[in-house]
Amino acid sequence: MRNSYKYVALSLLLAAAFIFSSCQQSGSNNSGALSSSAAERSFVPPGEHDEFYAFVSGGFSGQLAVYGLPSGRLFKVIPVFSVDAEKAWGFNEETKAMLQTSHGFIPWGDSHHPDISQTKGKLDGRWVFINENNTPRIARISLSTFETDEIIEIPNSAGNHSSSFVTENTEYVVAGTRFSVPIPQRDMSIADYKGNFKGALSFIKVDPKNGHMNIEFQVLMPGFDYDLSHPGRGKSHGWFFFSTYNTEEANTLMEVNASQNDKDFIAAVNWKKAEEYIKAGKFKTMPANYAHNIYDESTHTATTTMKKEVRVLDSSELPGLVYFMPTPKSPHGCDVDPSGEYIVGSGKLAAALTVHSFSKMEKAIADKNFSGEAYGIPILSFDATLAGTVEQPGLGPLHTEFDGKGNAYTTFFISSEVVKWKLGTWEVVDRKPTYYSVGHLMIPGGNSREPYGKYVVAMNKITKDRYLPTGPEVTQSAQLYDISGEKMELILDFPTIGEPHYAAGCPADLIKPNSKKFYRLEDNNHPYATKSESKTKVVREGRDVHIYMTMIRSHFAPDNIEGIKVGDRVYFHVTNLEQDYDVPHGISMIGANTSELLIMPGQTETFVWQPTKVGVWPFYCTDFCSALHQEMQGYVRVSPRNSNIKLSWTLDGE
Amino acid sequence: MKKSQILMIVGSLLLLPLFVLPLWNISLEAPQYPTALGIDIYITKMADHNEGDIQNINILNHYVGMQKLPEKMKEFELFPIVIIVMTILGVIFGFIGNKKLFLTWFVLIGILGCIGMYDFYLWEYDYGHNLNPKAAIKFPGTAYQPPLIGTKEILNFKAHSYPMSGGYIMFIGIFMTLGAYFVARKENSG
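As the structure is a computational prediction, the values presented were derived from the model and not from experiment.

Here the focus is the overall build of chain B. Scanning chain B from terminus to terminus reveals five helices and five strands. Along chain B, from the amino end to the carboxyl end, the secondary structure elements read α-β-β-β-α-α-α-β-β-α. Each of the three principal axes of chain B carries a C-alpha extent, and together these read 70 × 30 × 25 Å. Counting the 190 residues in chain B, one finds 45% classified as buried. Long-range pairs, those at least 24 residues apart, make up 64% of the contacts in chain B with a sequence separation of at least 6. Surface accessibility of chain B: about 10300 Å² in total, with carbon and sulfur atoms responsible for 67%. Looking at charge distribution, chain B has the averaged site of its 14 positive side-chain charges lying 12 Å from that of its 13 negative ones.

Right under this line is the structure:
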């Protein structure tokens, strides 16, 4: 066995080499005379665009960050599961519904695994999906508006971790539970976990026209932990693979008790078979309660629908639906190569990588080559599905991606490195250190039939001394490697938000042309939209006052409002009349217990202000919009409750 | 039918695309407008070159006190009539086949064209000089008149004023009618 301590020392030496001499680094790689400096290869000159978009999970920030590759520049943080005061996400009246769940309004989420929609196994750049781990949800983000369009809650699930991966025509986005729970939820002793808790794997149908999601069915599984998953593709299209741990079904001190079995499983779920069972009526309809939130691009408003049931297929009763492939030592990553033949199980406590063969699996099923069963689900013989083993590749394998040229790249958390190896021969080709403790890695299109094998991004769990220190909490980071040559080359470190669990990359050309420039005012169907200054007004309905306001360079209409009283609920319905690219306006009101609004051209948004003090209170534009931005302001006169001041509103005295 | 007659008829018919294609374009370029703002001038209207351009030009111009671009102009009622009349006249002259009529038509459209350009200049002058005295931004002595034809720097903008597809087709048509005159002379002498 390789001496791991020696290796760590070597890594540190290499790190020093990187810092002191990048020439030495490129010199040590066999990339030939064409090799240029690392800086040059990640440099995108001012004014030029990156070659790839990278959608990087914001982890415990709950959001999704948009970067360019190879520059590592951050363009936007898309609010998804957490409120964002900058963009009024979860603060304005329009988006509050997006964060509704069966537990009520939740202001935070833990986002994990983004995945881009596919057509015929190739990235199509329409949507990116991402899962929320804590209160199980899946979000769909439009890659035209770069906003979250839809969030669906997942019932019967807890720790929504083996999610949100799409099948090769985006038939389904799949969400698996990490924690098994009583299904349906009930008051019971935790000690009775074994045999009583269940895991649910949810298959969420995606409408090919508008992307709308609907939980088509759930597969009810034994009470293991379902950790990660990936779809079959090509020949294995129709199957979905989930890694499991805690097949011991322990319920306490998991770090020990869930690590006892020599092998856990990769569960192969035949979703085409599941569709047949659904068609044949072999499902149970279970009562449930989960939120389905849709943001309507024409009303700029989200609505919540509570769904009341879900269809469930019981894996222990339906033959041919699920098979278990034994995989050593609590596998984490479960990754399928571009051809769909190889399923890589990264036993995170194992010293070797296990690769299963899809065609061998099919044969083993046909031959009934089983070594046992678990809760009625056949366990295939380990040797019968084994394609090969990558021996001694490193310590603590987690995730694998593919370059489409016959190579796989696996991250090793404990030995802190990315290892390149060959599919079929299972030999290690190259290894490069990461700084430090890498989790996921991403090759654009790495979860599709056609990866763009030019770069790999490694996402680290810790950074320690890698950047300027910022107190006890230091930055999160990713690292970019050029993988166009035989050897990988580290060309860039860049900080990221939250914890970058995973990322999805896509050629910019697939997305850039569809990026929306502004919302057309004539398509604005917001019930409180005001489409011209002449239609602005203020309406009192008891204690509620609705201000129909517009904004355009460089004024609000109206900008003087009188007749508001202490104790009123004042709704500012503000429409940005601009029809130009990159001319948002903001608005904020002194003392309002909410965020600003940041309104894109053609859009209407609403905030509520409940004035508590008599006086004349200003509001202003928060986004430097024009040469006269500083003049973009107005006043609201607030009178005592018993005042007789009549409601009035003006602009320029008119 | 003689070659000159065909030239005359086709030439005058080439005025008709003006009903669907823009005659002229004024565009404004600045660093923060990597896609220039543009107005396409048709014989019946002014239109956005890219969606929202007219509104955006109006917004920018209001800071220096310029008027909004007109939605209605008497020219937009007159121009279509002139174009229809001249086309019909040209076709009739073509059928008659008299070279003097060809030349008359060419001279007539030339005069009308000059009047049109002068009218355009007057409008541009008023548009660039007739400013709101309450304008937020004032540069004493600065006028914002776009060029009649060509390119001119106006504050942070570069203003371009050039014919567009409908205009170019019209010019080709007009010169075909002049060609018709010369061909007709050759045909008669031959």
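Now that the structure is up, let's keep going.
This part takes up the domain arrangement of chain A. Residues and elements named next belong to chain A. Along its sequence, chain A is carved into domain 1 (4–514) and domain 2 (521–650). Just the C-alpha atoms count here: the centres of domain 1 and domain 2 sit 43 Å apart. If you look at the interface, domain 1 gives 13 residues, while domain 2 gives 16 residues. Both sides of the domain 1 and domain 2 interface together cover about 1100 Å² of buried area, and 47% of this is carbon and sulfur. Per-residue buried area on domain 1 facing domain 2 is highest for Glu93, Glu94 and His300; these three make up 37% of the total on that side. Where domain 1 touches domain 2, the interface holds zero salt bridges. On the surface where domain 1 and domain 2 come into contact, there are six residue pairs in polar contact (both at pLDDT 80 or more). Residues of the side of domain 1 that touches domain 2, tallied by class, amount to four nonpolar, five polar and four charged.

Time to look at the packing of aromatic side chains. Residue and element names in this part refer to chain A. All chains considered together, the criterion is met by 37 aromatic pairs over all chains. Aromatic pair Phe203 and Phe240: ring centres 5.9 Å apart, planes at 85°, arrangement edge-to-face. On the criterion of sequence distance, the pair formed by Phe203 in strand E13 (residues 197–206) and Phe240 in strand E16 (residues 239–245) is long-range, its members being 37 residues apart. One aromatic cluster in this structure is built from Tyr172, Phe203, Phe217, Phe240, Phe242 and Trp271. Geometry around Tyr375 places Lys198 over its ring, the cationic atom sitting 5.8 Å from the centre.

So, about the packing of helix H4 (residues 99–129) of chain B against helix H5 (residues 165–189) of chain B. When two helices pack together, their arrangement is given by the angle between the helix axes and the distance between those axes. All names here are of chain B. Interaxial distance between H4 and H5 falls to 9 Å at its minimum, and their mutual angle equals 160°. It follows from the interaxial angle that H4 and H5 lie roughly antiparallel. The crossing of H4 and H5 is left-handed. From H4, Lys99, Phe102, Leu103, Trp105, Phe106 and Ile109 reach across to H5, where they touch Ile174, Phe175, Thr177, Leu178, Ala180, Tyr181, Ala184, Arg185 and Asn188. Of the residues that constitute the contact of H4 with H5, the class distribution is 11 nonpolar, two polar and two charged.

We now examine unusual backbone geometry. The general pattern is negative phi for most residues beyond glycine and trans for most peptide bonds. Residue and element names in this part refer to chain A. Between Leu69 and Pro70 the backbone carries a cis peptide bond, its omega angle lying at 15°. Within the secondary structure, Pro70 is located in the loop between strand E2 (64–69) and strand E3 (74–78). Across the junction of Ser163 and Ser164, the peptide omega takes the value -15°, indicating a cis bond. Here Ser164 lies in the loop between strand E9 (148–153) and strand E10 (165–166). Of note, Lys120 is a non-glycine position whose phi angle comes to about 50°, a positive value. With respect to the element layout, Lys120 can be found in the loop between strand E6 (115–119) and strand E7 (122–132). When its relative accessible area of 63% is taken as the criterion, Lys120 is described as exposed.

Attention now goes to a nonpolar patch on the surface. Residues and elements named next belong to chain B. Taken together, the side chains of Leu13, Leu16, Phe19, Val20, Ile84, Ile88, Ile92 and Ile96 define a hydrophobic patch exposed on the protein surface, amounting to about 690 Å² of accessible area. Ranked by residues supplied to the nonpolar patch, first place goes to helix H3 (residues 74–96) with four residues. One can find Leu13 in helix H1 (residues 3–13).

As a rule of thumb, soluble globular proteins bury nonpolar side chains together. Membership of the largest hydrophobic core comes to 42 residues, with the highest contact counts inside it found for B:Ile39, B:Met46 and B:Leu69. Breaking this core down by element, the ones donating at least two residues are strand E1 (24–30), strand E2 (33–41), helix H2 (53–62), H3, H4, strand E5 (157–163) and H5 of chain B. When residues of this core are assigned to their parent elements, the largest contribution, seven residues, is made by H4(B). With residues up to four places along the chain from it excluded, the contact list for B:Leu69 reads B:Ile39, B:Met46, B:Ile54, B:Ile57, B:Asn58, B:Trp123 and B:Tyr127. Counting 29 residues, the second-largest nonpolar core is a separate cluster that includes A:Leu201, A:Val219, A:Phe242 and A:Phe324.

Here we take up the sheet that holds strand E41 (residues 585–589) of chain A. Residues and elements named next belong to chain A. Pairing within the open sheet is mixed, and its six strands lie in the order E42-E41-E44-E45-E39-E46. One side of each edge strand has no neighbouring strand; the edge strands of this open sheet are strand E42 (597–599) and strand E46 (648–650). On average, adjacent strands in this sheet sit at an angle of 25° to one another, irrespective of strand direction.

Definitions and limits used
Residues numbered from 1 in each chain as written. Chains lettered and ligands numbered in written order. Predicted model: local features only at pLDDT ≥ 70, side-chain atom pairs only at ≥ 80, totals over all residues. Heavy atoms only, no water. Helix = DSSP H or I, 4+ residues; strand = E, 2+ residues; numbered from the N terminus. Buried < 20%, exposed > 50% of the residue type's maximum accessible area, 1.4 Å probe, protein only. Contact = heavy atoms within 4.5 Å. Areas by Shrake-Rupley, 256 points an atom, 1.4 Å probe, with all protein chains shown as cover. Lys, Arg positive; Asp, Glu negative; His and termini not counted. Charge placed at Lys NZ, Arg CZ, Asp CG, Glu CD. Domains from an automatic or database assignment. Buried area = accessible area lost by both parts, 1.4 Å probe. Salt bridge = Lys/Arg side-chain N within 4 Å of Asp/Glu carboxyl O. Polar contact = N/O pair within 3.5 Å; in protein donor to acceptor, adjacent residues only side chain to side chain. Nonpolar A, V, L, I, M, F, W, Y, C, P; charged D, E, K, R; others polar. Phe/Tyr/Trp six-rings, centres within 6.5 Å; stacked < 30°, edge-to-face > 60°. Lys NZ or Arg CZ within 6 Å of the ring centre and 35° of its normal. Axes fitted to C-alpha atoms, helices over the stretch in contact; angles between N-to-C directions. Parallel < 35°, antiparallel > 145°, perpendicular 65-115°, else oblique. Left-handed = near helix turned anticlockwise from the far one by under 90°. Patch = residues over 30% accessible without salt bridge, like charges linked within 9 Å, V, L, I, M, F, W, Y side chains within 5 Å. Core = buried A, V, L, I, M, F, W, Y, C linked by side-chain atoms within 4.5 Å. Pairing = 2+ DSSP bridges.

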